[in-house]
Amino acid sequence: MALEVRDPHTGYLTTGHEWNGITELNTPVPRVVYFFLILTALFAVVYWILMPAWPLGSTYTKGLLGIDQRTSVAASLKQAALDRAAWTTRIDKASFAEIQSDPQLMAIVRQTGRTLFGDKCAVCHGRNAKGGKGFPNLTTSSWLWGGTPEAIAETIRVGINSAHPNSRSSQMPAFGRDGMLPRADIENVVAYVRSLSNPGDAPPDRIAAGKKVFADNCVACHGESAQGNTDMGAPNLTDPFWIYGGDLDSVFTTVWGGRQGHMPTWEGRLSELDRKILTLYLLDKRDAKP
């Protein structure tokens, strides 16, 4: 049996292991480690007694305090609902004009509406509501079905060419694809339409010819002045706002092949209050100063 060897510098016994002249000490575990181990064990026992801890088949030990995350979350949700009710009731009962004149309510509309718009509408209209090709810019005054609060709220409710029984419905005919007009007439009417927002963009004779084609085929929807018809969802062709693009090729493609936009109905997916907040949010975005 090997004799115990004590290190002369530290006074600790060695383990008998040596590597390249370095002897391993049999250093005792510091007392502070035992202290924290005991403290941890005591904490665990106290926690098991006071708090939910051990599973028991389909249930668990509830603890003397009866506190768990489920009850905490339920309490938080209940309080949040009470806090929300304080302003949702006011928005629900007030008119659009009354809410727009109330800075406190409009601050809530901007915060809540931004979240609603980001979750439901931004995928088509963009985070800034300025749309993209095929999706209208909602920050302008050019609204297909009217820009009053009531008109916007109704569009959100029923959608456009949607599955809702009262959906707003509109369609641009395919004048070229369906053989309704010869190519020359389409090129002329495209020149005329583009001249309404881009004067001097085409020769006068083509514009004059296109104006006649427009009068014979387009005024029923877009009106004699080409400023559109919100009762039919026909866009204003005299302003600079184009859903599918206002360049020559885009306008020609629209007249030749037609267009039929789509917006889903939100009646079954958003509450009446949420739709009202979205309407107010869009009005605020439209009326905001640059």
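Refer to the structure printed above.
The rules behind these values
- Residues take numbers from 1 onward in each chain, read along the sequence in its written order.
- Local features in this predicted model are restricted to residues whose pLDDT is 70 or higher, and side-chain atom pairs enter the listing and the counts only when it is 80 or higher, whereas totals over whole chains, interfaces and linings include all residues.
- Each side-chain value is derived from all of the structure's non-hydrogen atoms; neither hydrogens nor water enter the calculation.
- Two strands are said to pair when DSSP picks up at least two bridges between them.
- Segments assigned H or I by DSSP are reported as helices when at least four residues long, segments assigned E as strands when at least two residues long, and all are numbered from the N terminus.
- Classification of residues uses two cut-offs on accessible area relative to the type maximum, computed with a 1.4 Å probe and protein chains only: under 20% is buried, over 50% is exposed, and between them is partly exposed.
- Every case where a carboxyl oxygen of Asp or Glu lies within 4 Å of a side-chain nitrogen of Lys or Arg is listed as a salt bridge.

*Asks:* So what exactly am I meant to see when it comes to the pairing of strand S1 (residues 14-19) here?
*Replies:* A regular strand carries its side chains on alternate faces of the sheet. Two elements, S1 and strand S2 (residues 22-25), share three bridges in a ladder whose sense is antiparallel. Within S2, the residue paired with Thr-14 across the bridge is Leu-25. From the end of S1 to the start of S2, which pair antiparallel, there are two residues, and Asn-20 there has a positive phi angle of about 50°.

*Asks:* Before we go on, may I ask you to explain unusual backbone geometry in this structure?
*Replies:* Backbone geometry at Ala-129 places phi at a positive 65°, although glycine is not the residue there. Following the sequence through the fold, Ala-129 ends up in the loop between helix H5 (122-125) and helix H6 (149-158). Phi is positive for Asn-161, close to 50°, though the residue is something other than glycine. Inspection of the secondary structure puts Asn-161 in the loop between H6 and helix H7 (183-197). On the basis of relative accessible area, Asn-161 is assigned to the buried category, the value being 18%.

*Asks:* How should the pattern of salt bridges be read in this particular structure?
*Replies:* A side chain with one charge may pair with a side chain of the opposite charge, provided their charged atoms come close. A complete count under the given rule lists nine salt bridges for this structure. Between Arg-286 and Asp-287 there is a salt bridge, and its shortest N-O distance comes to 3.1 Å. Residue Arg-286 is classed as partly exposed on the basis of its relative accessible area, which comes to 23%.

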